[in-house]
Amino acid sequence: VQLQASGGGLVQAGGSLRLSCAASGRTFSSYDMGWFRQAPGKERDFVAAISWGGGRTYYADSVKGRFTISRDNAKNTVYLQINSLKPEDTAVYYCAAGPRATVLSVAPRLYDYWGQGTQVTVSS
């Protein structure tokens, strides 16, 4: 499956963005989906994940209550709504697809396909 992330940009602290990740190729609904982010000089960190049918979600503690992951299998797209942005949210955001799992995966190594990333920059 090929993934294309978009929607990043430069926003002021407190603002909002909606990231999108469009999938093509193999059946999108076969995969759990995740969002990760990587700041300069840091490791790639888990942000959020959603199950193949959309019924289960999981968030990193640092984004709970501010970020919302969702998906539209009819459009082969997963979204990340980001509210109340903080400067520490600045990073390249990546979407990823992984096999269906009983427990949503937070480790990057468990995801098989990755998008190219979209930059989110939050100014204070």
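Each chain carries its own residue numbering, running from 1 in the direction its sequence is written. Where totals are concerned, whole chains, interfaces and linings use all residues; where local detail is concerned, this predicted model gives features only for residues with pLDDT of at least 70, and gives and counts side-chain atom pairs only at 80 or more. Note that the side-chain values use all heavy atoms of the structure and ignore hydrogens as well as water.

**Focus: the nonpolar core**
Inference 1: Residues belong to one nonpolar core when they are buried, are Ala, Val, Leu, Ile, Met, Phe, Trp, Tyr or Cys, and are joined through side-chain atoms within 4.5 Å. Buried means the residue's accessible area, taken with a 1.4 Å probe over protein chains only, is under 20% of the maximum for its type, while exposed means over 50%, and partly exposed covers the values in between. M33, W35, L80 and Y93 are the most contacted members of the largest nonpolar core, which has 37 residues in total.
Inference 2: Helix and strand assignments follow DSSP, with helices taken as H or I runs no shorter than four residues and strands as E runs no shorter than two, numbered in order from the N terminus. Those elements that provide at least two residues to this core are β1 (2–6), β3 (17–24), β4 (31–38), β5 (44–50), β7 (67–72), β8 (77–82), β9 (91–99) and β11 (118–123).
Inference 3: Setting aside residues no more than four positions away along its own chain, M33 makes contact with L3, C21, F28, A48, A49, I50, I69, R71, V78, A96, A97 and Y111. Any two residues having at least one pair of non-hydrogen atoms within 4.5 Å are treated as being in contact.

**So, the packing of aromatic side chains**
Inference 1: Pairing of aromatic side chains requires ring centres within 6.5 Å, counting the rings of Phe and Tyr and the six-membered ring of Trp. Pairs whose planes differ by under 30 degrees are stacked, by over 60 edge-to-face, and all others tilted. In total, this model carries six aromatic pairs according to the counting rule given.
Inference 2: Note on F36 and W114: the rings are 5.0 Å apart at their centroids and 55° apart in plane angle, and the pair reads as tilted. Taken together, the residues span a long stretch of sequence, with F36 in strand β4 and W114 in strand β10 (residues 113–114) at a distance of 78 residues.
Inference 3: Put simply, the rings of F36, F46, Y58, Y111 and W114 touch in pairs and so form one group of aromatic residues.
Inference 4: Remark: a charge is flagged as sitting over a ring if the NZ atom of Lys or the CZ atom of Arg is within 6 Å of the ring centre and within 35 degrees of the ring normal. The ring of W114 has R44 lying over it, and the distance from NZ or CZ to the ring centre is 4.9 Å.

**Overview of the state of the cysteines**
Inference 1: Note on terminology: disulfide denotes any pair of cysteine sulfur atoms within 2.5 Å. Tallied over the entire structure, the rule returns one disulfide.
Inference 2: Shown here is the disulfide that connects C21 with C95, its sulfur atoms set 2.1 Å apart. Across the S-S bond linking C21 and C95, the dihedral sits near 65°, which makes this disulfide right-handed. Taken together, the residues C21 in strand β3 and C95 in strand β9 connect sequence positions 74 residues apart. For the pair C21 and C95, one class covers both residues: buried.

**Considerations on the environment of R66**
Inference 1: Tracing the sequence through the fold places R66 in the loop between β6 (57–59) and β7.
Inference 2: You can call R66 buried: its relative accessible area is 10%.
Inference 3: When the C-alpha atoms of R66 and N83 are compared, they prove to be 5.1 Å apart, with 17 residues separating the residues in sequence.
Inference 4: For R66, the contacting residues outside a window of four places in its chain are Q81, I82, N83, S84, L85, K86 and D89.

**Re the pairing of β9**
Side-chain positions along a regular strand alternate between the two faces of the sheet.
Inference 1: Burial runs high along β9: seven of the nine residues are buried.
Inference 2: Where β4 meets β9, eight bridges bridge the pair, whose relative direction is antiparallel. Following the sheet pairing, D32 is matched in β9 by G98.
Inference 3: The pairing of β9 with β11 spans three bridges and is antiparallel. When the bridges of β11 are listed, Y93 appears paired with T118. What makes two strands pair is DSSP finding at least two bridges between them.

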